[in-house]
Amino acid sequence: MSKTTINGFFLYLTITSLYTVAVIRDIFFNKRTELYKSFGGRFKYLTILNLYVHYVYFIINLLVAIAELTMSRKNSKNFSKLKQFCNSLFTSIVFPVGLFVAITFWGIFFFDRELIFPKAVDHLIPIWQNHLVHTLPLVAPILENFTTKHYYSDSFFTGVLPTLFLAGCYIIWILIVAHVGGIWTYPVLEVLSTSNRAIFFGVLLLFLGLLYQMGKLTNLVLWPNEWAQSKRIKSKLKKKFN
């Protein structure tokens, strides 16, 4: 990740504040709803898992931003490992999964909301909370791309592997919830046959891979000079050791 700018600081501050509201609502209010009383609790929902990953990510970046803007350049370099971790978290989860949560939720919602967010739960989750957990995960990483350069693997397959691995783990978790708890996390899975369910998961994995690549291409478009400089450095190193 590139060094934080003052614009980046205010972006992290704003997003962290919004996610704080969402997390407080989830912890102190939503926990009493029937949505969380079944097997797996709140953490069977990708939306909630994504919420907490995003929250941790933006908190860390806010703290690093404060350090980089207030400390000397020499001392701020102590956070390089943490920034590398945040870079990996962004490229593998924050961007692709955040967009995935938003696009799939609203896509299914407008097609047939009963398959993803039945009207029966409207009184449990207000519209503003719904946007904080289903719209902000799309807006936040896209906006961050304008203030922060992220570094991706040259190889698509190497870069996307952690994303697909984590997605596979979540699919296994969904199946465990269905087998042990006797419920499908999402109503749409209940109406599909086993074969169609497998196809559905496969299509979603492909879509997730496309979102990973979209994040990489977005960085290339927004930060062309950084990419060109990185290519030149790698080319010089390759020539030096060959």
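Residues numbered from 1 in each chain as written. Predicted model: local features only at pLDDT ≥ 70, side-chain atom pairs only at ≥ 80, totals over all residues. Heavy atoms only, no water.

Turning our eyes to something else, we now look at the nonpolar core. Note on soluble globular proteins: their nonpolar side chains tend to be buried together. Within the largest apolar cluster, 57 residues are counted, with the highest numbers of intra-cluster contacts made by Tyr-19, Phe-58 and Tyr-186. Mapped by element, the contributors of at least two residues to this core are helix H1 (6–28), helix H2 (46–70), helix H4 (80–112), helix H5 (127–134), helix H6 (136–147), helix H7 (156–181), helix H8 (187–190) and helix H9 (194–222). Considering each element in turn, this core owes the most residues, 14 residues, to H4. Residue contacts for Tyr-186: discarding those within four places in its chain leaves Lys-44, Tyr-45, Leu-46, Thr-47, Leu-115, Ile-116, Tyr-170 and Ile-174. (Core = buried A, V, L, I, M, F, W, Y, C linked by side-chain atoms within 4.5 Å. Buried < 20%, exposed > 50% of the residue type's maximum accessible area, 1.4 Å probe, protein only. Helix = DSSP H or I, 4+ residues; strand = E, 2+ residues; numbered from the N terminus. Contact = heavy atoms within 4.5 Å.)

Our focus in this paragraph is the confidence of the model for the chain. Within the chain, residue pLDDT values average 87, and 86% of them lie at 70 or more. Per-element confidence in the chain is highest for H6, whose mean pLDDT is 96, and lowest for helix H10 (residues 224–241), whose mean pLDDT is 54. (pLDDT = per-residue confidence, 0-100.)

What follows deals with the pattern of salt bridges. Enumeration over the complete set of coordinates arrives at three salt bridges. Its salt-bridge partner being Arg-42, residue Asp-26 comes within 2.9 Å of it at the nearest N-O pair. Here Asp-26 is found in helix H1, whereas its partner Arg-42 is found in the loop between H1 and H2, with 16 residues between them in sequence. Arg-113 is the partner of Asp-122 in a salt bridge, and the nearest nitrogen-oxygen pair spans 2.6 Å. Classification of Asp-122 as partly exposed rests on a relative accessible area of 35%. Judged by relative accessible area, Arg-113 falls into the buried class, the value being 16%. (Salt bridge = Lys/Arg side-chain N within 4 Å of Asp/Glu carboxyl O.)

A word on the packing of H1 against H2. Axis separation between H1 and H2 bottoms out at 8 Å; the angle between their running directions is 145°. Read as a crossing pair, H1 and H2 show a hand that is left-handed. Of the residues in H2, those in contact with Ile-6, Phe-9, Tyr-12, Leu-13, Ile-15, Thr-16, Tyr-19, Thr-20, Ala-22, Val-23, Asp-26 and Ile-27 of H1 are Ile-48, Leu-51, Tyr-52, His-54, Tyr-55, Phe-58, Ile-59, Asn-61, Leu-62, Ala-65, Ile-66 and Leu-69. Looking at the contact of H1 with H2 residue by residue, the class counts come to 19 nonpolar, four polar and one charged. (Axes fitted to C-alpha atoms, helices over the stretch in contact; angles between N-to-C directions. Left-handed = near helix turned anticlockwise from the far one by under 90°. Nonpolar A, V, L, I, M, F, W, Y, C, P; charged D, E, K, R; others polar.)

Bringing the packing of H2 against H6 into the picture now. Between H2 and H6, the shortest axis-to-axis distance is 11 Å and the interhelical angle comes to 30°. As judged from the angle between their axes, H2 and H6 are roughly parallel. Our pair here, H2 against H6, has a crossing hand that is left-handed. Facing Asn-50, His-54, Tyr-57 and Phe-58 of H2, the residues of H6 in contact are Pro-137, Ala-140, Pro-141 and Glu-144. Partitioned by chemical class, the residues of the contact of H2 with H6 number five nonpolar, two polar and one charged. (Parallel < 35°, antiparallel > 145°, perpendicular 65-115°, else oblique.)

Bringing the environment of Leu-62 into the picture now. Tracing the backbone through its elements, the reader meets Leu-62 in helix H2. Separated by 51 residues in sequence, Leu-62 and Leu-11 place their C-alpha atoms 8.7 Å apart. In this structure, Leu-62 is in contact with Phe-9, Tyr-12, Leu-13 and Thr-16, ignoring residues within four places of it in sequence.

Taken as a whole and judged by the stated rule, the model has 21 aromatic pairs. Ring centres of Phe-156 and Phe-157 lie 5.4 Å apart, and the angle between their planes is 75°; on these two criteria the pair is classed as edge-to-face. Clustering of aromatic rings is evident, with ring pairs tying together Tyr-12, Tyr-19, Tyr-57, Phe-58, Phe-90 and Phe-95. Above the face of the Tyr-151 ring, Lys-149 is positioned so that its terminal group lies 4.1 Å from the ring centre. (Phe/Tyr/Trp six-rings, centres within 6.5 Å; stacked < 30°, edge-to-face > 60°. Lys NZ or Arg CZ within 6 Å of the ring centre and 35° of its normal.)

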